[in-house]
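Observations on the model geometry
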2 protein chains.
Amino acid sequence: MPGKKFQQLYDGEKKKIDKILSRSLQFREPVSLYNPAYYIIKNGGKRLRPVMVLFSCKSVGGRYNSAYNAAAAVELLHNFTLIHDDIMDNAEKRRGLPTLHVKYDLNTAVLAGDGMLAVAYEYLLKDCKNKKNIVISEFTKALIEICEGQALDKKFEVERNVTIADYLRMIQKKTASMLEMCCKTGGILGGGTEKEIKALASFGKNIGIAFQIHDDLLDIKGYEEFGKTTGGDLMEGKKTFLFLRALNKTRGKDKADLERMIENKGIKRTEVNYFIDLYKRNGIIEDAEAEILNYTKKAVKAVDTLKNENDKEVFRWLAGTLIKRNK
Amino acid sequence: MPGKKFQQLYDGEKKKIDKILSRSLQFREPVSLYNPAYYIIKNGGKRLRPVMVLFSCKSVGGRYNSAYNAAAAVELLHNFTLIHDDIMDNAEKRRGLPTLHVKYDLNTAVLAGDGMLAVAYEYLLKDCKNKKNIVISEFTKALIEICEGQALDKKFEVERNVTIADYLRMIQKKTASMLEMCCKTGGILGGGTEKEIKALASFGKNIGIAFQIHDDLLDIKGYEEFGKTTGGDLMEGKKTFLFLRALNKTRGKDKADLERMIENKGIKRTEVNYFIDLYKRNGIIEDAEAEILNYTKKAVKAVDTLKNENDKEVFRWLAGTLIKRNK
């Protein structure tokens, strides 16, 4: 099946998920709780996490129908994290529109996030009628990891001595654990064997790490039309993969400049191009790309053990689109 | 068994719950997430909700041992709501100590609340190994009701035409649904029959409503030594049972004064005594006390169907202490 067919499959399932997501929040009372939550959900998104649930379910011989509610649940969980993270990051825009605490206010955003998480569990439970406690357990484990990852992320912002190993541990919790859980959930709901579920989990985890490093890279490559500000991470003084790699690799003035960024907790907008040049002349972009490829290969290798060739192809295609994406 | 024995039983179980609660958060990493959460948990509290889980479990023939983790879970859930509610209410003190967002900061409090909720599910799952999905389902339902109740509470603060019926609907969601869930959870984990669980649920719900109206009353009766400010609800312009009852019952200047409180979204500290007098001369205190007694009687009547006389006595004693408490 060529890429175009996979894209059609993805888009078709995305539409179905969008419908369930709307239904989960729209027209629900009190509107003061659910309308703000719905505002975030209807602002869109790739719906990558729910699609990973569905593809994983299918790949072990399950039917999409047994995992649609769980698919919606992981997207609700994801959006809960976006709402609360945006508060903590003082972010003003999300997907090109005002963040929830800017559009409404802080109280509304805190509570809408909480409500969204509650509805996530509600939807997860719909697909867990028979002895599927393990799904709720994996979901809860991922939620805990996400909170821990976010705590580490905020802590690293004010710490001087963050290593690449620290960074990898942080993104594994904050980003990769959710993608790992999505693949596991699909595998369990589809009735997969232990071996199959393990392979899917490894795909999710590794693609999650690749995904986050790619996200760091997008901040430098800059695609302003998608609502991303080039160099935003640099301005905020975030200790991304690129930054930490540069800090490790450089000496002299370059290293001093990077250390200055830590000291000042970020740089000015006018300095962004200078730092991008610094990354470029030190080969940091290539290093990041190599790391992304490395984790993507691990992910793809993990699903090589799946039975059906077409399913392997789907995951390979998905991995490919993720590292080629520009938003 | 006399009251003193029940109190000893309560205190004994409270100690065990305190230990599990400490263990659930203390020494866990990252400390930047769990230490703030632990700060709230170790500040104390009556542990009423977990004890209700245990007493309910026992009353249907179950063992405390099968419900300790679930008992800890409901207290973690309760404390999650306290942390986020305190943010939304701009509260500065809780149990006589600085609230979490005051002691640390907003970001820490949002995330510690989220983490606490996640750990609540983790502990609940420990007691739900065998086909106990219904427990997780009831827990999630209560979480949704709590969020909805909080949304209504915040909404009522800025609305003019709140009725007593609206108020009762709100506190049923915000307060009573959790106590109802506690009793149900204990009943289910203890292996109760459908009839028994229904009776326990009715006890929890009705005692929850009585509990909240009593809480409104405590604000007027004032016991400053317990860290409560007399008339705090009046100063914040909260539409409590007492306020709404007074608004219904009064005419002329009294009614105009109450309407002025709505208009001004609260009163000054110097006006508190005047409003307490207003309540007193209109018999509002007695009305509240009658309503509390009414719901308490409903609660006690519900558990009359339980088999064991001693269990009935425990619930009667618990109900009695709740409406006699001064903090």
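Reading guide: rules and limits
- Residues numbered from 1 in each chain as written.
- Chains lettered and ligands numbered in written order.
- Predicted model: local features only at pLDDT ≥ 70, side-chain atom pairs only at ≥ 80, totals over all residues.
- Heavy atoms only, no water.
- Helix = DSSP H or I, 4+ residues; strand = E, 2+ residues; numbered from the N terminus.
- Rg over C-alpha atoms; globule rule 2.2 N^0.38 Å.
- Buried < 20%, exposed > 50% of the residue type's maximum accessible area, 1.4 Å probe, protein only.
- Contact = heavy atoms within 4.5 Å.
- Areas by Shrake-Rupley, 256 points an atom, 1.4 Å probe, with all protein chains shown as cover.
- Lys, Arg positive; Asp, Glu negative; His and termini not counted.
- Charge placed at Lys NZ, Arg CZ, Asp CG, Glu CD.
- Phe/Tyr/Trp six-rings, centres within 6.5 Å; stacked < 30°, edge-to-face > 60°.
- Buried area = accessible area lost by both parts, 1.4 Å probe.
- Salt bridge = Lys/Arg side-chain N within 4 Å of Asp/Glu carboxyl O.
- Polar contact = N/O pair within 3.5 Å; in protein donor to acceptor, adjacent residues only side chain to side chain.
- Patch = residues over 30% accessible without salt bridge, like charges linked within 9 Å, V, L, I, M, F, W, Y side chains within 5 Å.
- Least-squares fit on C-alpha atoms with pLDDT ≥ 70 in both.
- Expected span 1.5 Å × (residues − 1).
- Axes fitted to C-alpha atoms, helices over the stretch in contact; angles between N-to-C directions.
- Parallel < 35°, antiparallel > 145°, perpendicular 65-115°, else oblique.
- Nonpolar A, V, L, I, M, F, W, Y, C, P; charged D, E, K, R; others polar.

**Observations regarding the overall build of chain A**
Scanning chain A from terminus to terminus reveals 15 helices and 2 strands. Relative to the 2.2 N^0.38 estimate, which gives 20 Å for 327 residues, the radius of gyration of chain A is 20 Å and therefore close to what a compact globule would have. A burial count over chain A gives 61% of its 327 residues as buried. Excluding contacts between residues fewer than 6 apart, the proportion of contacts in chain A whose partners are at least 24 apart in sequence is 74%. Accessible area for chain A stands at about 13700 Å²; split by element, carbon and sulfur atoms hold 49% of it. Taking the average place of the 57 positive charges on the side chains of chain A and the average place of its 44 negative ones, the gap between the two points comes to 4 Å.

**Structural notes on the packing of aromatic side chains**
Between two aromatic rings, the relevant description is the distance of the centres plus the angle of the planes. Residues and elements named next belong to chain A. Considering all chains together, one arrives at 19 aromatic pairs over all chains under this definition. The interplanar angle of 70 degrees and the centroid separation of 6.1 Å between the aromatic rings of Tyr-10 and Trp-317 together place this pair among those described as edge-to-face. Here Tyr-10 is found in helix H1 (residues 3-25), whereas its partner Trp-317 is found in helix H15 (residues 309-324), with 307 residues between them in sequence. Each member of the pair Tyr-10 and Trp-317 is classed as buried.

**Focus: the interface of chain B and chain A**
Taken together, the 37 residues of chain B in the interface contact 37 residues of chain A. Looking at the side of chain B facing chain A, the largest losses of area belong to Met88(B), Leu111(B) and Asn133(B), adding up to 17% of the total buried there. Where chain B packs against chain A, one counts 0 salt bridges. Joining chain B to chain A, the criterion identifies 8 residue pairs in polar contact (both at pLDDT 80 or more).

**Regarding the pattern of salt bridges**
Applying the stated rule across the entire model yields 63 salt bridges over all chains. Taking the shortest distance from any N to any O, the salt bridge between Arg47(A) and Glu75(A) comes out at 2.9 Å. Placement of Arg47(A) in the loop between helix H2 (31-42) and helix H3 (48-59) and of Glu75(A) in helix H4 (residues 68-88) is noted, with a sequence separation of 28 residues between them. When sorted by exposure, Arg47(A) lands in the same class as Glu75(A), which is buried. One salt bridge in this structure joins Lys155(B) and Glu159(B), with 3.3 Å as the shortest N-O distance. Judged by relative accessible area, Glu159(B) falls into the partly exposed class, the value being 28%. Through salt bridges with shared partners, a single ionic network connects Asp304(A), Glu309(A), Lys312(A), Glu313(A) and Arg316(A).

**Examining a positive patch on the surface**
Residues and elements named next belong to chain A. A contiguous patch of positive charge on the surface is contributed by Lys-15, Lys-19, Arg-23, Lys-126 and Lys-129. Sort the elements by how many residues they give to the positive patch and H1 lands first, with 3 residues. Relative to the assigned elements, Lys-129 resides in the loop between helix H6 (106-126) and helix H7 (133-157).

**What to know about the relation of the copies chain B and chain A**
Both copies of the chain are tied together by a single rotation about an axis and a shift running along it. Of the two same-sequence chains, chain B is brought onto chain A (RMSD 0.0 Å, axial shift 0.0 Å) by a rotation of 180 degrees. Accordingly, the operation relating the two chain copies is best matched by a two-fold axis. The overlap is high: 100% of the interface residues of chain B also sit at the interface in chain A, so the same surface is used on both sides.

**Examining the environment of Asn90(A)**
Mapped onto the fold, Asn90(A) is located in the loop between H4 and strand S1 (93-94). Here Asn90(A) falls in the exposed class, since its relative accessible area comes to 62%.

**Notes on the environment of Ala165(A)**
Locating Ala165(A) in the fold gives a position in helix H8 (residues 164-189). As for Ala165(A) and Phe241(A), which are separated by 76 residues in sequence, their C-alpha atoms are 9.9 Å apart.

**Structural notes on the side chain of Gln212(B)**
Residues and elements named next belong to chain B. Of note, Gln-212 is situated in helix H9 (residues 194-221). Gln-212 gets classed as buried once you look at its relative accessible area, which sits at 16%. The residues contacting Gln-212, other than those within four sequence positions of it, are Tyr-167, Ile-171 and Thr-175.

**Section: helix H12 (residues 252-263) of chain B**
Residues and elements named next belong to chain B. In this model, H12 (12 residues) spans 16 Å end to end at C-alpha, consistent with the 16 Å of a helix rising 1.5 Å per residue. As for H12, its buried residues are in contact with helix H10 (232-235), helix H11 (241-249) and helix H13 (272-281). Positive backbone phi, at 50 degrees, marks Lys-265, one or two positions downstream of H12.

**Side note on the packing of helix H1 (residues 3-25) of chain B against helix H3 (residues 48-59) of chain B**
Residues and elements named next belong to chain B. Where H1 meets H3, the axes come as close as 10 Å, and the angle between the chain directions of the two elements is 110 degrees. Accordingly, the angle class assigned to the pair H1 and H3 is roughly perpendicular. Residues Leu-9, Tyr-10, Glu-13 and Ile-17 of H1 pack against Leu-48, Pro-50, Val-51, Leu-54 and Phe-55 of H3.

**Some points on the packing of H7(A) against helix H2 (residues 31-42) of chain B**
H2(B) packs onto H7(A) with a crossing angle of 105 degrees between their chain directions and a minimal axis gap of 8 Å. When the axes of H7(A) and H2(B) are compared, the pair comes out roughly perpendicular. Counting all contacts with H7(A), which are made through Ile144(A), Cys147(A), Glu148(A), Ala151(A) and Lys155(A), the residues of H2(B) involved are Ser32(B), Leu33(B) and Tyr34(B). Each residue belonging to the contact of H7(A) with H2(B) can be placed in one class, and the counts come to 5 nonpolar, 1 polar and 2 charged.

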